[in-house]
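Listed here are the chains, written in short residue letters.
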Amino acid sequence: MKELTLTITHADLVSLEHLRNVGRFVGDMLQVQDTTTGHDTEQHLQLASVIHLMTARLDDVVERCNRRWLTEEVRA
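**Q** Pulling in residues and values, what's your account of a nonpolar patch on the surface?
**A** A cluster of nonpolar side chains, contributed by Ile 8, Leu 13 and Leu 16, occupies part of the molecular surface with about 270 Å² of accessible area. Relative to the elements of secondary structure, Leu 13 occurs in helix H1 (residues 10–35). The class of Leu 13 is partly exposed, set by a relative accessible area of 48%.

Dropping the structure here:
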């Protein structure tokens, strides 16, 4: 069986870096939210939006990697 050579592209790295930054932002928002007594509806909407963005970006990276891996497996 041929060994698969898997690479992460520069675009993948940029996406992963973006995910890391968004994750830090979400963590900071959660810390601020924990220290406040009330819940701001706008803040909840922003948090939901950021989480959605993070998930969508992660899904894109995973889908691209899986497509590449499947393509490589078919060639093997």
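**Q** Go over the pattern of salt bridges with me, naming the residues and quoting the values.
**A** Following the criterion strictly, the structure yields three salt bridges and no others. Close ionic contact of Asp 12 with Arg 64 constitutes a salt bridge, the shortest N to O distance being 2.8 Å. Here the residue Asp 12 occupies a position in helix H1, and Arg 64 occupies one in helix H2 (residues 41–75), the gap between them amounting to 52 residues. The buried category is assigned to Asp 12, whose relative accessible area is 0%. In this structure, Arg 20 engages Glu 17 in a salt bridge whose closest nitrogen and oxygen atoms are separated by 3.7 Å. In this pair, Arg 20 and Glu 17 are both assigned in helix H1, three residues apart and thus about one turn of the helix distant.

**Q** Describe in detail the side chain of Ser 15, supporting the description with residues and values.
**A** Structurally, Ser 15 can be placed in helix H1. Of the residues examined, Ser 15 reaches a relative accessible area of 7% and is grouped as buried. The contact partners of Ser 15, leaving out residues within four places of it in the chain, are Arg 57, Val 61 and Arg 64.

Analysis parameters
- Residues numbered from 1 in each chain as written.
- Predicted model: local features only at pLDDT ≥ 70, side-chain atom pairs only at ≥ 80, totals over all residues.
- Heavy atoms only, no water.
- Patch = residues over 30% accessible without salt bridge, like charges linked within 9 Å, V, L, I, M, F, W, Y side chains within 5 Å.
- Areas by Shrake-Rupley, 256 points an atom, 1.4 Å probe, with all protein chains shown as cover.
- Salt bridge = Lys/Arg side-chain N within 4 Å of Asp/Glu carboxyl O.
- Helix = DSSP H or I, 4+ residues; strand = E, 2+ residues; numbered from the N terminus.
- Buried < 20%, exposed > 50% of the residue type's maximum accessible area, 1.4 Å probe, protein only.
- Contact = heavy atoms within 4.5 Å.

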